[in-house]
Amino acid sequence: AVDAGADAPAEATAPSPAADPATGAPVLSRGPPAPQVPTTDAPAPAPAPPRESFFQDGALCLDRFSSAAQLEACGPEALRDVLTAVGAKGGGSLDERAARLFSLKGLERHDYPKKARAKGFEAGRPVARN
C-alpha cells in the first residue's frame, strides 16, 4: 500500500482568527489597536441664549454681559441674528461679531457708530423681530 500522505505536499494552516468573547464571531486584526482617546469631564458648552434674551421692552439690552468675551459664548449664529435684528453688520469672525455687538451696549439706535451699521440702516426704524 502506498501512503498518500507521504507524497502529498504539506498543507499550510493559517492561524485561526481571534474570536470576539461576547459573540464568538471571528475578529480580523488589521494592525495594532487604535489608541484610546481620553475622555474629559469638561462640561458641555452652555446653549446659546434665546434671541429674545438680548432685548428688553423692544430695545437691545446687554446689561447681563460685562465683556465681548461673554458674548462670544453665545455662538456666532446668535450674535449674527441679534446684530442683523438691530440693523448692524452681522458678518465677521466670532470675536469681531462679539466686539461689534458689545460696542452697541447702552447706545440708542440712532447713536450706533456708522462702522457698525449695515447697509440700509435707518436710525428711526424699529428693531426687526422675526
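The following paragraphs examine the structure supplied in this document.

So, how was this worked out
Residues numbered from 1 in each chain as written. Predicted model: local features only at pLDDT ≥ 70, side-chain atom pairs only at ≥ 80, totals over all residues. Heavy atoms only, no water. Helix = DSSP H or I, 4+ residues; strand = E, 2+ residues; numbered from the N terminus. Buried < 20%, exposed > 50% of the residue type's maximum accessible area, 1.4 Å probe, protein only. Contact = heavy atoms within 4.5 Å. Areas by Shrake-Rupley, 256 points an atom, 1.4 Å probe, with all protein chains shown as cover. 1 Å grid on protein atoms, 1.4 Å probe; cavity = no way out; pocket = protein on both sides within 12 Å on 5 of 7 lines; lining within 4 Å. Points joined across faces, edges and corners; volume = space filled by probe spheres on them. Nonpolar A, V, L, I, M, F, W, Y, C, P; charged D, E, K, R; others polar. Salt bridge = Lys/Arg side-chain N within 4 Å of Asp/Glu carboxyl O. Arc of directions from axis to C-beta. Lys, Arg positive; Asp, Glu negative; His and termini not counted. Polar contact = N/O pair within 3.5 Å; in protein donor to acceptor, adjacent residues only side chain to side chain. Core = buried A, V, L, I, M, F, W, Y, C linked by side-chain atoms within 4.5 Å. Axes fitted to C-alpha atoms, helices over the stretch in contact; angles between N-to-C directions. Parallel < 35°, antiparallel > 145°, perpendicular 65-115°, else oblique. Left-handed = near helix turned anticlockwise from the far one by under 90°.

**Considerations on the overall build of the chain**
Alright, step 1. Assigned secondary structure in the chain consists of four helices and four strands.
Alright, step 2. Sequence-ordered secondary structure for the chain, helices as α and strands as β, is α-β-β-β-β-α-α-α.
Alright, step 3. Here the chain holds 130 residues, and the buried ones make up 23% of them.
Alright, step 4. The contacts in the chain between residues at least 6 apart in sequence include a share of 44% that link residues at least 24 apart.
Alright, step 5. When the accessible surface of the chain is totalled, it reaches about 9600 Å², and 56% of it is carbon and sulfur.

**A closer look at the layout of surface pockets**
Alright, step 1. Roughly 230 Å³ of internal volume is contained in the largest pocket.
Alright, step 2. Forming the boundary of the largest pocket are 14 residues, of which A59, L60, L107, E108 and Y112 lie nearest the centre.
Alright, step 3. Tallied by class, the residues present in the lining of the largest pocket amount to nine nonpolar, one polar and four charged.

**A few points about the pattern of salt bridges**
Alright, step 1. This structure, assessed with the given rule, holds one salt bridge.
Alright, step 2. A salt bridge links D81 to R80; its shortest N-O distance comes to 3.6 Å.

**Considerations on helix α4 (residues 94–103)**
Alright, step 1. Among the residues of α4, R97, A98, R100 and L101 are the ones counted as buried. All buried residues of α4 lie within an arc of 165 degrees about the axis, which places them on one face of the element.

**A word on the environment of P113**
Alright, step 1. With respect to the helices and strands, P113 occurs in the segment after α4.
Alright, step 2. With relative accessibility at 26%, the residue P113 sits in the partly exposed group.
Alright, step 3. C-alpha of P113 to C-alpha of R100: the two residues are 13 residues apart in sequence and 9.7 Å apart in space.
Alright, step 4. In contact with P113, not counting residues within four places along its chain, are L104 and L107.

**Points about the side chain of R100**
Alright, step 1. As for its placement among the helices and strands, R100 is situated in helix α4.
Alright, step 2. No salt bridge is formed by the buried R100; the nearest opposite charge belongs to E96, separated by 5.1 Å.
Alright, step 3. A polar contact of 2.8 Å, which involves the side chain of R100, links it to the backbone oxygen of K89.
Alright, step 4. For R100, the contacting residues outside a window of four places in its chain are L83, K89, G90, G91 and A116.

**Observations concerning the nonpolar core**
Alright, step 1. Core analysis: the biggest nonpolar cluster contains 21 residues, and F54, L60, L71, L101 and L104 have the highest contact counts within it.
Alright, step 2. When contributions to this core are tallied by element, the ones reaching two or more residues are α2 (68–72), α3 (76–85) and α4.
Alright, step 3. If one sorts the elements of this core by residue count, α3 sits on top with five residues.
Alright, step 4. Once residues within four sequence positions are removed from consideration, L104 is found in contact with L60, L83, V86, A88, Y112, P113 and A116.

**Description of the packing of α3 against α4**
Alright, step 1. Running from amino to carboxyl end, α3 crosses α4 at an angle of 40 degrees, the nearest separation of the two axes being 10 Å. Here α3 lies oblique to α4, going by the angle between them. Classified by chirality, the crossing of α4 by α3 is left-handed. Taken together, the residues of α4 that come into contact with α3 (itself represented by P76, E77, L79, R80, V82 and L83) are L94, R97, A98, R100 and L101.

Spatial relationships are all this shows, so hold off on functional conclusions.
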